[in-house]
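Observations on the model geometry
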Amino acid sequence: MPQMTGGQAVVASLHAQGVDTVFGIISVHTLDLFDALFDRQDDVRFIGGRLELGCGYMADGYSRATGRPGVILTSTGPGAADSVGAMGEAYFSASSVLQVTTNVEAEFVGSGKMATHETKDQLGMFAAVTDWNARIDQIESIPDHFVEAFVRFGERRPRPIELEVPTDLLGQQAEVEVLRPRQPDVPQGDPVQVERAWNLLRSAKRPVIFLGEEIHTTGGADDIIRLAEQIGAPVVTGDGAKGTFPEGHPLSLGMALGNRIWGQNPVLDWMGDCDVALVLGSNLPYRSTSGVGLKLPGKIIHVLLDGDYIGKNYETEVAIAANSGAVVRQFLSAAGDADLGTGDDYRKEIAELKSSVYSGLQDQWGPELKAWESIRSVIPDDTIFSLDATVPANRAVRCLQMDRPRSYMYPHGWAGLGFAFPASMGAKVGRPDSPVICVSGDGGFQYNAQELGTAVQYGINPIVMIFNDNAWGVLKGYQRDRGDRQMATDLVNPDFMKLADAYGIPGTRVHNVAEMTRTVQDTVAADRIHMIEVVMPDGFPAFCRS
């Protein structure tokens with residue numbers, strides 16, 4: 001076995017697991033790791049950010065766009081801590097992110113002697129936002145930990161993992177065997193439970209399929225289309241699953257989101273009149289299901305990789321802790337070539353409901369619908385959207401048609417700000433041939449505006465749309481609804497065009513939907529980073545009239 005430093009063993013292990021890109025920030029604690037990266041630049045590309053929070057979102061965006069784990073490198077203490085917000089978002093949104101970080105020298109871990117950047121309990125800090133984390137105390141065991149991490153990514157619900165190495169081990173040497181990837185054992189559905197579920201589905205007169213956030217990673221979109229068509233079931237998507245089923249398909253009823261920030265949606269009540277719901281890959285989060293009045297049938301088949309989530313918000317008839325794609329293939333095998341359609345009356349009802357949903361959007365959000373349809377008309381089908389928690393994104397989730405998996409990402413887990421821009425960069429790195437559009441508010445963009453420098457330095461080219469109302473717009477709307485007691489929601493912003501110019505980035509300020517659409521069309525064709533400031537102090541109605 002060859003002699004390697006700990007840093008070399010980390011880089012070699014990443015490369016052996018198929019990692020081609022890592023995001024992060026160099027530190028005094030990681031110099032030996034970067035010495036190893038220096039020698040492997042043809043194998044592993046490093047993209048250096050400006051803040052670990054943004055780097056974490058880049059890794060998350062990379063993962064959501066590609067279906068492969070994103071990797072972030074951080075350093076002991078404050079550097080690692082600055083990533084926790086991004087790791088929490090990845091955890092609750094079911095995204096595969098691997099964080100490799102250092103700890104203090106082995107002799108100081110847990111000592112309380114206050115070595116540089118020493119943390120009281122760094123492993124404990126990450127335990128709340130990871131599926132698994134571990135400290136590696138021997139150079140020889142570095143490859144084993146990376147193999148274990150990637151097997152977990154393939155077998156368990158997509159979630160972050162953190163591995164930490166005492167900084168002194170990175171420069172020390174040992175004999176190391178770099179291990180090849182181990183094939184994950186993809187969890188299949190228990191045959192007895194799958195048979196129970198299939199008997200319910202094939203006898204259902206009014207089945208419905210509900211898709212969730214895991215489908216972006218577990219895949220199987222084509223098989224889900226086949227299953228829906230074979231049993232004649234309409235398909236709705238839950239929070240975080242937009243695009244997993246083509247919204248232009250006749251069986252698509254769009255997002256099962258309504259009330260609160262999502263407007264009125266007849267699908268929420270209608271689903272309660274179905275006789276069986278097949279829930280695939282969704283943890284049915286309270287925030288966007290039972291908490292907003294979503295009704296589901298009395299008979300629910302719930303398929304999810306993490307069985308602990310099943311039954312938390314809805315009683316379940318059949319629980320299957322498994323990979324949703326694998327279970328769908330089991331259903332298709334049981335179906336064979338049988339025609340199990342639900343009949344013309346149900347298909348007609350689905351078509352009428354689909355039309356009613358669209359009419360409802362026209363009535364309540366006509367200007368927003370016009371704006372997003374206008375953008376949709378001038379961009380390629382493979383365009384990826386990365387959105388923040390902002391008013392335009394709350395409208396786009398129902399008004400912007402998406403027909404491809406891994407093409408629409410937003411912070412649906414923790415629902416925090418600052419995700420959109422760095423995640424759009426990660427998505428563009430992972431899928432450089434697809435246009436990527438960032439949709440952010442003026443406040444949320446400033447969480448990670450510093451990553452403009454990263455984008456320029458590494459030639460990363462998303463289109464950055466900043467919807468500027470000089471306010472925390474969502475909260476200002478809430479205050480308006482609560483008696484117009486306004487405070488703390490107005491913002492003094494920079495001149496975004498001057499900010500873009502300071503980084504050498506072209507920028508365009510637009511004041512109406514025609515200017516916005518034309519600019520998006522031109523920037524997509526140019527395939528270079530471009531900032532578009534969408535000036536809308538009076539909201540979408542005025543923006544679409546002007």
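Residues numbered from 1 in each chain as written. Predicted model: local features only at pLDDT ≥ 70, side-chain atom pairs only at ≥ 80, totals over all residues. Heavy atoms only, no water.

Let us now look at the overall build of the protein. Tallying secondary structure elements over the protein gives 21 helices and 20 strands in all. Relative to a compact globule of 546 residues, whose C-alpha radius of gyration would be 24 Å, the protein shows 24 Å and is just as compact. The dimensions of the protein, computed from C-alpha atoms along their principal axes, are 70 × 60 × 45 Å. Considering only residue pairs separated by 6 or more positions, the protein has 76% of its internal contacts joining residues 24 or more positions apart. Of the roughly 21,300 Å² that the protein leaves accessible, carbon and sulfur atoms contribute 47%. Charged side chains in the protein number 46 positive and 69 negative. The centres of these two groups are separated by 6 Å. (Helix = DSSP H or I, 4+ residues; strand = E, 2+ residues; numbered from the N terminus. Rg over C-alpha atoms; globule rule 2.2 N^0.38 Å. Contact = heavy atoms within 4.5 Å. Areas by Shrake-Rupley, 256 points an atom, 1.4 Å probe, with all protein chains shown as cover. Lys, Arg positive; Asp, Glu negative; His and termini not counted. Charge placed at Lys NZ, Arg CZ, Asp CG, Glu CD.)

Before going further, it helps to spend a moment on the nonpolar core. Across soluble globular proteins, you tend to see nonpolar side chains buried next to one another. Of all hydrophobic cores here, the largest spans 91 residues; its most connected members are F385 and M516. When residues of this core are assigned to their parent elements, the largest contribution, ten residues, is made by helix α13 (residues 344-376). Setting aside residues no more than four positions away along its own chain, F385 makes contact with W372, I375, I379, L400, M402, S407, Y408, M409, I437 and V439. (Core = buried A, V, L, I, M, F, W, Y, C linked by side-chain atoms within 4.5 Å. Buried < 20%, exposed > 50% of the residue type's maximum accessible area, 1.4 Å probe, protein only.)

With that out of the way, let us pick up unusual backbone geometry. We note that R260 has phi near 45 degrees; this positive angle belongs to a residue other than glycine. Topologically, R260 is positioned in the loop between β11 (252-255) and α11 (267-270). Here the phi dihedral of A488 falls at roughly 70 degrees; this positive angle occurs in a residue that is not glycine. Structurally, A488 can be placed in the loop between α18 (473-481) and α19 (496-502). Looking at A488, the relative accessible area reads 66%, which means it is exposed.

Turning our eyes to something else, we now look at the sheet that holds strand β6 (residues 132-135). With parallel pairing, six strands are arranged side by side in an open sheet as β3-β2-β4-β5-β7-β6. A strand with exactly one partner marks an edge of an open sheet, and here the two such strands are β3 (45-48) and β6. Direction aside, the axes of adjacent strands within the sheet are offset by 20 degrees on average. The pairing of strand β2 (residues 21-24) with β3 spans four bridges and is classified as parallel. Looking across to β3, one finds that F23 is bridged to I47. (Pairing = 2+ DSSP bridges. Axes fitted to C-alpha atoms, helices over the stretch in contact; angles between N-to-C directions.)

A complete count under the given rule lists 15 aromatic pairs for this structure. Taken together, a centroid distance of 6.1 Å and an interplanar angle of 70 degrees make the contact between F23 and Y62 edge-to-face. Taken together, the positions of F23 in strand β2 and Y62 in helix α3 (residues 52-66) put the pair 39 residues apart, joining distant regions of the chain. For Y62, a relative accessible area of 3% puts it in the buried group. Judged by centre distance (6.2 Å) and plane angle (75 degrees), the ring pair of F445 and F496 falls under edge-to-face. Highlighted residues: F445 in helix α16 (residues 442-445) and F496 in helix α19, separated in sequence by 51 residues. The same class applies to F445 and to F496, which are both buried. An aromatic cluster of three or more residues is present, and its members are W372, F385, F467 and F540. (Phe/Tyr/Trp six-rings, centres within 6.5 Å; stacked < 30°, edge-to-face > 60°.)

Below, the discussion takes up the environment of G426. Note that G426 resides in helix α15 (residues 420-430). Accessibility expressed as a relative area gives 0% for G426, which makes it buried. A C-alpha to C-alpha distance of 8.1 Å links G426 and A65, two positions 361 residues apart in sequence. Other than its neighbours up to four places away in sequence, G426 contacts F23, M58, G61 and Y62.

Right, let's talk about the pattern of salt bridges for a bit. Applying the stated criterion across every chain yields a total of 25 salt bridges. Its salt-bridge partner being K242, residue E247 comes within 2.9 Å of it at the nearest N-O pair. Note on accessibility: E247 and K242 belong to one class, buried. In this structure, K428 engages D527 in a salt bridge whose closest nitrogen and oxygen atoms are separated by 3.2 Å. Residue K428 is found in helix α15, and its partner D527 is found in the loop between α20 (513-526) and β20 (530-535); the two are separated by 99 residues along the sequence. Owing to a relative accessible area of 43%, D527 belongs among the partly exposed residues under this scheme. (Salt bridge = Lys/Arg side-chain N within 4 Å of Asp/Glu carboxyl O.)

On to the sheet that holds strand β17 (residues 436-441), then. On the basis of which strands lie adjacent, the open sheet formed by six strands has the order β16-β15-β17-β18-β20-β19 and parallel pairing. Looking at which strands have only one partner, the edges of the open sheet turn out to be β16 (408-409) and β19 (507-510). Pairing of β19 with β20, which is carried by four bridges, proceeds in the parallel orientation. In the strand pairing of β20, R509 is matched with E533. Sheet contacts for α15: β15 (384-387), β16, β17 and β18 (463-468); angle to β17, the most-contacted strand, approximately 175 degrees. Contacts from α20 reach β17, β18, β19 and β20 within the one sheet, and its direction differs from that of β20 by about 170 degrees.

As a further point, take helix α14 (residues 391-399). With eight of its nine residues buried, α14 lies for the most part within the structure. By the burial criterion, the buried members of α14 are P392, A393, N394, R395, A396, V397, R398 and C399.

Time to look at helix α1 (residues 6-16). Every α-helix carries 3.6 residues per turn, so stepping three or four residues along brings you back to the same face. Within α1, eight of the eleven residues are buried, which leaves it mostly tucked inside the rest of the structure. Of the residues making up α1, those classed as buried are G6, G7, A9, V10, V11, A12, S13 and L14. In this fold, the buried residues of α1 make contact with β1 (3-5), β2, α2 (31-39), β4 (70-74), β5 (97-103) and α7 (142-155). The positive-phi residue at the C-terminal boundary of α1 is G18, with phi of around 90 degrees.

Taken together, the side chains of I26, V28 and L31 define a hydrophobic patch exposed on the protein surface, amounting to about 290 Å² of accessible area. With respect to the element layout, I26 can be found in the loop between β2 and α2. (Patch = residues over 30% accessible without salt bridge, like charges linked within 9 Å, V, L, I, M, F, W, Y side chains within 5 Å.)

Here Q230 is to be found in helix α10 (residues 221-231). Of the residues examined, Q230 reaches a relative accessible area of 14% and is grouped as buried. A polar atom in the side chain of Q230 sits 2.9 Å from the backbone oxygen of G336. In contact with Q230, other than residues within four places in its own chain, are L332, A335, G336, D337, A338, D339, L340 and G341. (Polar contact = N/O pair within 3.5 Å; in protein donor to acceptor, adjacent residues only side chain to side chain.)

This part is about the state of the cysteines. Scanning all chains against the criterion turns up zero disulfides. C55 provides the cysteine sulfur closest to C438, a residue in no disulfide bond, and the two sulfurs are 16 Å apart. (Disulfide = S-S within 2.5 Å.)

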